[in-house]
Amino acid sequence: MLRIGIVGLSQVGKTTLFQILTRAHGSGLGSGRVEAHVGVVRVPDARLDRLAEIYQPKKTVHATVEYVDTAGSIIELARKGVETQSLREMDALAHVVRAFEDDALPPPDGCLNPQRDIENVELELILSDLSIVEKRLERLEKDVKKQKNPALEKELPVLTVCKGALEKQQPLREVTLTPEEERLVRGFTFLSLKPALYVLNLGERDAARADAAEQFAAEAGLKQRPRTAVSAICGKVEAELAELGDADAAEFLSSYGLKESAVARLIRASYRLLGLISFFTVGEDECRAWTIRAGTTALDAAGEIHSDIQRGFIRAEVVKFDDLNVAGSFAEARTRAQLRLEGKEYVVHDGEVVHFRHSG
Ligand SMILES: Nc1nc2c(ncn2[C@@H]2O[C@H](COP(=O)(O)OP(=O)(O)OP(=O)(O)O)[C@@H](O)[C@H]2O)c(=O)[nH]1
Ligand SMILES: [Mg+2]
């Protein structure tokens, strides 16, 4: 499952975002779990909904994303130890940035400044990583002198590069590493290495611009940096929206000039940031969405479902969602020559419906 940690300065709307995400599409998680600040969100996907309409399965299983809410400063958290650990296990960070005006709630440092806030939180990530790198390097330098160990000798230069970058206040996600170097540093679970989705929390007046986060980001002076993305929500509007039924929700959204809820938009942005795509499996028992990295082969996609299917892999029957949507069944898609037989090395694309033929 994709796991995303919500970070940001205090009182910027982190918990509001967490609640919007988990309440709107929470999968039966009671309020007890919300107190633990971990929530699982079903990934909205109209294609899966349509497949379920066609197949009428006993069960429809959406992909899920787990969100973890955090409280306030990462430096503070680091002192307590526990909660940064859960952040370190995340695939990415959603960094909530205040961009809404509210007279009752003074903004950080007295005035709204998303760029400054982003840099401040970035600095916290960097300092947290730097302290880990420094401690490790101190040890390494001693150990390398004591014993000849090729693994340690490889680690030393990589960590030295990381240290240099962090000291220049450069987050590790901006450092170019070879695949081998990436493997070496992975175990340290550096926070500034994680892909970051900046989530601008807009005021109600700007709600309509949430659809155009990129443009808003440019105006707010946010440079696009490697392995980051920008999205926007209007926390207040979305919190009200989460209370409404589907019919009212659509009308409510359009009254703010919005096309869809932030949940779908945010998750899409996260998938894009992380290079993730979805494929589907269908049947009378179950229609299901699966999340894989772009570039995943049919063999590895099979492994996502079950190691037995991977081991006994024979062929993948593949049809595009758009084709199946019209054809209405695999049989009809085959008649229309839209069903393809693919081998182990085939690269699965977003939106493909796959049936794995396997032995055993
Ligand atoms: N006007 C306005 N108020 C908001 C918006 N989003 C959040 N708030 C308010 O801002 C305050 C802080 O929101 P939270 O979601 O608790 O912020 P937080 O980042 O979790 O705060 P901490 O956990 O204390 O760091 C609450 O009173 C919210 O109602 C928004 O979009 N507009
Ligand atoms: Mg909070």
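Residues numbered from 1 in each chain as written. Chains lettered and ligands numbered in written order. Predicted model: local features only at pLDDT ≥ 70, side-chain atom pairs only at ≥ 80, totals over all residues.

Enquirer: What is the right way to look at the domain arrangement of the chain in this model?
Expert: Assigned domains of the chain: these are domain 1 (2–44 + 62–109 + 195–274), domain 2 (122–186) and domain 3 (295–358). For domain 2 versus domain 3, the distance between C-alpha centres works out to 41 Å. (Domains from an automatic or database assignment.)

Enquirer: Could you clarify how one ought to interpret the site of ligand 1 in this entry?
Expert: Near ligand 1 there are 18 residues, and of these S10, K14, T15, T16 and G235 occur at the shortest range. When residues of the shell around ligand 1 are traced back to their parent elements, those giving at least two are helix 1 (14–25) and helix 10 (235–241). Here the shell around ligand 1 gets 3 residues from one element, more than from any other, and that element is helix 1. In terms of residue class, the shell around ligand 1 is made up of 5 nonpolar, 10 polar and 3 charged. (Near = placed C-beta within 6 Å. Helix = DSSP H or I, 4+ residues; strand = E, 2+ residues; numbered from the N terminus. Nonpolar A, V, L, I, M, F, W, Y, C, P; charged D, E, K, R; others polar.)

Enquirer: Even after reading the chapter, I still don't get the pairing of strand 1 (residues 2–7), so can you show me in this structure?
Expert: Regular strands place their side chains on alternate faces of the sheet. Sheet analysis places strand 1 next to strand 4 (residues 64–69), joined by 5 bridges and oriented parallel. In the strand pairing of strand 4, R3 is matched with E66. Here strand 1 pairs with strand 5 (residues 92–99) via 4 bridges, running parallel. Residue pairing for strand 5: I6 is matched across the bridge by A94. (Pairing = 2+ DSSP bridges.)

Enquirer: Could you clarify how one ought to interpret the pairing of strand 4 in this entry?
Expert: Relative to strand 4, strand 2 (residues 38–42) runs antiparallel, the two sharing 5 bridges. If you follow G39 over to strand 4, its bridge partner there is Y67.

Enquirer: I keep staring at the nonpolar core and nothing clicks. Help me out?
Expert: Considering soluble globular proteins, one finds that nonpolar side chains tend to be buried as a cluster. Judged by nonpolar contacts, the single largest core of 65 residues is most densely connected at L197, V199, L200, L202, A210 and I233. In terms of residues, this core owes the most to one element, helix 12 (residues 262–274), which gives 7 residues. Each of domain 1 (2–44 + 62–109 + 195–274) and domain 2 (122–186) accounts for three or more of the residues forming this core. Once residues within four sequence positions are removed from consideration, L197 is found in contact with A92, A94, H95, A229, S231, A269, S270 and L273. (Core = buried A, V, L, I, M, F, W, Y, C linked by C-beta atoms within 7 Å. Buried ≥ 20, exposed ≤ 12 C-beta atoms within 10 Å, placed from the backbone. Contact = placed C-beta atoms within 7 Å.)

Enquirer: Even after reading the chapter, I still don't get the environment of E119, so can you show me in this structure?
Expert: Residue placement: E119 occurs in helix 6 (residues 114–146). By the C-beta count within 10 Å, which is 12 here, E119 ends up exposed. A sequence separation of 50 residues divides E119 from Q169, and the C-alpha atoms of the two residues are 9.6 Å apart.

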